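# Survey of secondary and tertiary structure
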Amino acid sequence: MSKLRVAVLGAKGRIGSEAVRAVEAAEDMELVAALGRGDSLETLTDAGAEVAVELTEPGSVMDNLEFCLRHGIHGVVGTTGWTDERLARLRGWLDASPRTGVLIAPNFSIGAVLTMRFARQAARFFESVEVIELHHPNKVDAPSGTAARTAQLIAEARREAGCAPAPDATATGLDGARGADVDGVPVHSVRLRGLLAHQEVLLGGEGETLTIRHDSTHHSSFMPGILLGARRVVTTPGLTFGLEHFLDLD
Ligand SMILES: NC(=O)C1=CN([C@@H]2O[C@H](COP(=O)(O)OP(=O)(O)OC[C@H]3O[C@@H](n4cnc5c(N)ncnc54)[C@H](O)[C@@H]3O)[C@@H](O)[C@H]2O)C=CC1
Ligand SMILES: O=C(O)C1=N[C@H](C(=O)O)C[C@H](O)C1
């Protein structure tokens, strides 16, 4: 059986360097390119890459994906910074390349995907809900892509269930003290040396609270999801948003 020809973009970064090792170690994959900042994207076509694992930064991801989709290279994307406007541009490129697939995974770790799923399930049963994400201090974006997605899923579930806005009597104070507002859900970002990637979803009702917490303590937590994404995206044309769609969770 021929091996899946995989390239990693952002190959010298924190997660990218781990992804290079994971692809090299996968028996059904061949690492055909490992690109860092400034390397030519033509390397991907010269190397015959079938899948590009995109782990760079929000300022680079769009140009990289535009090139990949123009050349029929599937994408597995962990890079953050996804807005509605960016997603619409990506869908336009996918429409022009209908056999190509892109997976965008706000988080590749199974625990984080389950956290999002459990938070969505729990959201309608509690009056209050807030998200706290905690990351290493080298992270350039806040809130994290995972926290933004978690808050969107919570907000969607609460809208569908007809929940009232969470109670909050705050009338005065410092700007930012109540976090960022993502679809009506407060999201608080902590940046602390010693941490990697962590998230808590706090839910509160009369006389009880529920905390759903996930900790990624090593970048290896993201690797099974990246490899699964690469295997599945080649037979899944169009945009898949969230690794849960490849996990048969229900
Ligand atoms: N979805 C997920 O599960 C995860 C996503 N991430 C995300 O992945 C991204 C990268 O995170 P880190 O590795 O921590 O950052 P990092 O800063 O350590 O690595 C990014 C690397 O990409 C390189 N780069 C920038 N532009 C490039 C380009 N055009 N072509 C090739 N390389 C380029 C940089 O030089 C750097 O080496 C961030 O957006 C982060 O939030 C990180 C961990 C897990
Ligand atoms: O930058 C990181 O480290 C991470 N980024 C992703 C995010 O923004 O959610 C995934 C994970 O939290 C690690």
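Residues numbered from 1 in each chain as written. Chains lettered and ligands numbered in written order. Predicted model: local features only at pLDDT ≥ 70, side-chain atom pairs only at ≥ 80, totals over all residues. Heavy atoms only, no water.

As recorded in an unreviewed UniProt entry, the protein chain goes by the name 4-hydroxy-tetrahydrodipicolinate reductase, listed as coming from Streptomyces coffeae. In UniProt, the protein chain has this text filed under Subcellular location (unreviewed entry): "Cytoplasm". Recorded in UniProt for the protein chain, the comment headed Pathway (unreviewed entry) runs: "Amino-acid biosynthesis; L-lysine biosynthesis via DAP pathway; (S)-tetrahydrodipicolinate from L-aspartate: step 4/4." (UniProt positions renumbered as here; feature names shortened; annotations may be inferred.)

## Structural notes on the sheet that holds strand β6 (residues 128-135)
If you walk across this open sheet you meet the five strands as β7-β8-β6-β9-β10, and the pairing is mixed. For this open sheet the edge positions go to β7 (180-182) and β10 (208-216), each flanked by a neighbour on one side alone. Ignoring strand direction, the axes of neighbouring strands in this sheet form an average angle of 25 degrees. The pairing of β7 with strand β8 (residues 185-191) spans three bridges and is classified as antiparallel. (Pairing = 2+ DSSP bridges. Helix = DSSP H or I, 4+ residues; strand = E, 2+ residues; numbered from the N terminus. Axes fitted to C-alpha atoms, helices over the stretch in contact; angles between N-to-C directions.)

## Focus on the environment of L44
By secondary structure assignment, the location of L44 is in helix α2 (residues 42-46). In sequence terms L44 and E57 are 13 residues apart; their C-alpha atoms lie 18 Å from each other. Setting aside chain neighbours within four positions, we find L44 in contact with A7, L9, A33, L35, A49, F67, C68 and I73. (Contact = heavy atoms within 4.5 Å.)

## Here we look at the environment of R21
Structurally, the position occupied by R21 is in helix α1 (residues 14-25). Its relative accessible area of 48% is what places R21 among the partly exposed residues. Of note is the side chain of R21, whose polar atom sits 3.1 Å from the side chain of E18. (Buried < 20%, exposed > 50% of the residue type's maximum accessible area, 1.4 Å probe, protein only. Polar contact = N/O pair within 3.5 Å; in protein donor to acceptor, adjacent residues only side chain to side chain.)

## Some thoughts on the pairing of strand β2 (residues 29-35)
Across six bridges, the pairing between strand β1 (residues 4-9) and β2 is parallel. When the bridges of β2 are listed, V8 appears paired with A34. In this region the chain leaves β1, passes through α1 and returns to the parallel neighbour β2; the handedness of that crossover is right-handed. (Right-handed = clockwise from strand over helix to strand, strands pointing away.)

## Digging into the pattern of salt bridges
For the coordinates displayed, the defined rule picks out eleven salt bridges. Ionic pairing is found between R231 and D28, a salt bridge with its closest N-O pair at 2.6 Å. Of this pair, R231 sits in helix α7 (residues 223-233) while D28 is found in the loop between α1 and β2, placing the two residues 203 residues apart along the sequence. Of the residues examined, R231 reaches a relative accessible area of 38% and is grouped as partly exposed. With a relative accessible area of 26%, D28 lands in the partly exposed category. Where salt bridges share partners, they join E130, D168 and R178 into one cluster. (Salt bridge = Lys/Arg side-chain N within 4 Å of Asp/Glu carboxyl O.)

## Some points on the site of ligand 1
The full set close to ligand 1 counts 22 residues, and R14, S60, T80, A105 and F108 are the nearest of them. Within the backbone of A105, one N or O atom sits 2.9 Å away from a nitrogen atom of ligand 1. Within the contact set of ligand 1, a nitrogen atom lies 3.2 Å away from a backbone nitrogen or oxygen of P106. In the complex, 83% of the free accessible area of ligand 1, which totals 860 Å², lies under the protein chains. Of all elements in the fold, only α1 and α3 (58-70) reach the threshold of two or more residues within the shell around ligand 1. (Near = heavy atom within 4 Å. Areas by Shrake-Rupley, 256 points an atom, 1.4 Å probe, with all protein chains shown as cover.)

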